Structures are given as structure tokens and as C-alpha cells.
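# Fold and contact review
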Amino acid sequence: MSRKYAFSPTLLPMLLAGLACACAAAQGQDRSTPAPEARILIERGKALLGQYQCGACHTIPEVPISRGPVAQPLDAWSQRSYIAGRIPNTPAMLAQWIMAPQALVPGTAMPDMGVSAEDARAMAAFLFSLE
């Protein structure tokens, strides 16, 4: 049985940023220092993780008061292969997961928090910055 995952076209910039980092790494360029606009997105994502109180369930590095004992810690997120053990871990899929986890994995413990596409993209950018 094949599954189709839909994602918003507004997530395309995030995919392209990930691809640019992968290309830079393949060419031996330093990807550890993101471009200024990427750094702004990453910092915004960090703030949003606090605003949406993701730390009530998760432990998230660099996010104050995020010591939630309920769900998976989100450290080294960029090293993971899957989201919820079954969805390929890409920036676009993570943003979709953050926006509508129940749509991707019905019955998951992760609640729908009403996160907008723009906020989800920023939150995914921060999580993917965690190596």
C-alpha cells in the first residue's frame, strides 16, 4: 500500500534551503554558518517552539523551559531518519507534521496545535539546525 504525502507549496523555500546545504556540503563548503535570512528563520523557529509551548511535552535544546518528560527529546533532530517512526524526516515533511500531525498519523499523541504554514516552516528550520 503506497501513501501519498501532500505538502504546501509554501514549504518549497525550505526544501530549496536544505538542498543548497546538501550541495554545499557535497562540494566541501562550510554549511555550519547559515545565511543571514536562514539564521533569522532559525531564531524565529526557536522562539515559536517556546510560544507554542512545545516544551511542555518535549525537551528542546536552546528553548527555555522545554523539559517536557512526555514526548521524544528533539535534540540532534537533523540526524533522524523518520518522524513518528514512519514519515521521512525532511524539512517539508516536518513542517507538515508540526501543522497537522493527526492528518499524517491518525491517533498519534502529538496534538494539532493550530500552527500556520509559515510558523511550521520556521520551527522546522530551527529543529533541522540541531545537529
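Let us look at the structure shown here. None of these values were measured; they are calculated from a predicted model.

### A few points about the nonpolar core
The biggest cluster of nonpolar side chains holds 28 residues, and the ones touching the most others in it are Leu 49, Ile 60, Leu 94, Met 123, Phe 126 and Leu 127. Put simply, the parts of the chain that give this core at least two residues each are helix H2 (36-51), helix H3 (91-99) and helix H5 (117-129). Ranked by residue count, the leading element in this core is H5, at seven residues. Discounting residues that sit within four places of it in the chain, Leu 127 has contacts with Leu 49, Ile 60, Leu 74, Trp 77, Ser 78, Leu 94 and Ile 98.

### Examining H5
Its 13 residues place the ends of H5 18 Å apart at the C-alpha level, agreeing with the 18 Å of an ideal helix rising 1.5 Å per residue. Among the residues of H5, those classed as buried are Asp 119, Ala 120, Arg 121, Ala 122, Met 123, Ala 124, Ala 125, Phe 126 and Leu 127.

### Here we look at the packing of H3 against H5
It is the contact of H3 with H5, at a shortest axis distance of 8 Å, that shows an interaxial angle of 125°. As far as their axial angle goes, H5 and H3 are oblique. For the pair H3 and H5, the sense of crossing is right-handed. Residue-level inspection shows Pro 91, Leu 94, Ala 95, Ile 98 and Met 99 of H3 in contact with H5, the latter providing Ala 117, Ala 120, Arg 121, Met 123, Ala 124, Leu 127 and Phe 128. When its residues are assigned to classes, the contact of H3 with H5 shows 11 nonpolar, no polar and one charged.

### Structural notes on the pattern of salt bridges
Following the criterion strictly, the structure yields five salt bridges and no others. Measuring nitrogen to oxygen at the nearest pair gives 3.5 Å for the salt bridge that ties Glu 43 to Lys 46. Residue Glu 43 and its partner Lys 46 are located together in helix H2, separated by three residues, close to a single helical turn. Taking relative accessible area as the criterion, Glu 43 reaches 34% and is therefore assigned partly exposed. Put simply, Glu 118 and Arg 44 hold a salt bridge, and the shortest N to O gap is 3.9 Å. Here Glu 118, found in helix H5, pairs with Arg 44, found in helix H2; they are 74 residues apart in sequence, far enough to count as distant. By relative accessible area, which is 30% here, Arg 44 ends up partly exposed. Taken together, the shared-partner salt bridges connect Arg 39, Glu 43, Lys 46 and Glu 62 into one network.

Quick notes on the rules
Residues numbered from 1 in each chain as written. Predicted model: local features only at pLDDT ≥ 70, side-chain atom pairs only at ≥ 80, totals over all residues. Heavy atoms only, no water. Core = buried A, V, L, I, M, F, W, Y, C linked by side-chain atoms within 4.5 Å. Buried < 20%, exposed > 50% of the residue type's maximum accessible area, 1.4 Å probe, protein only. Helix = DSSP H or I, 4+ residues; strand = E, 2+ residues; numbered from the N terminus. Contact = heavy atoms within 4.5 Å. Expected span 1.5 Å × (residues − 1). Axes fitted to C-alpha atoms, helices over the stretch in contact; angles between N-to-C directions. Parallel < 35°, antiparallel > 145°, perpendicular 65-115°, else oblique. Left-handed = near helix turned anticlockwise from the far one by under 90°. Nonpolar A, V, L, I, M, F, W, Y, C, P; charged D, E, K, R; others polar. Salt bridge = Lys/Arg side-chain N within 4 Å of Asp/Glu carboxyl O.

Shape is all these values report; function is a separate question.
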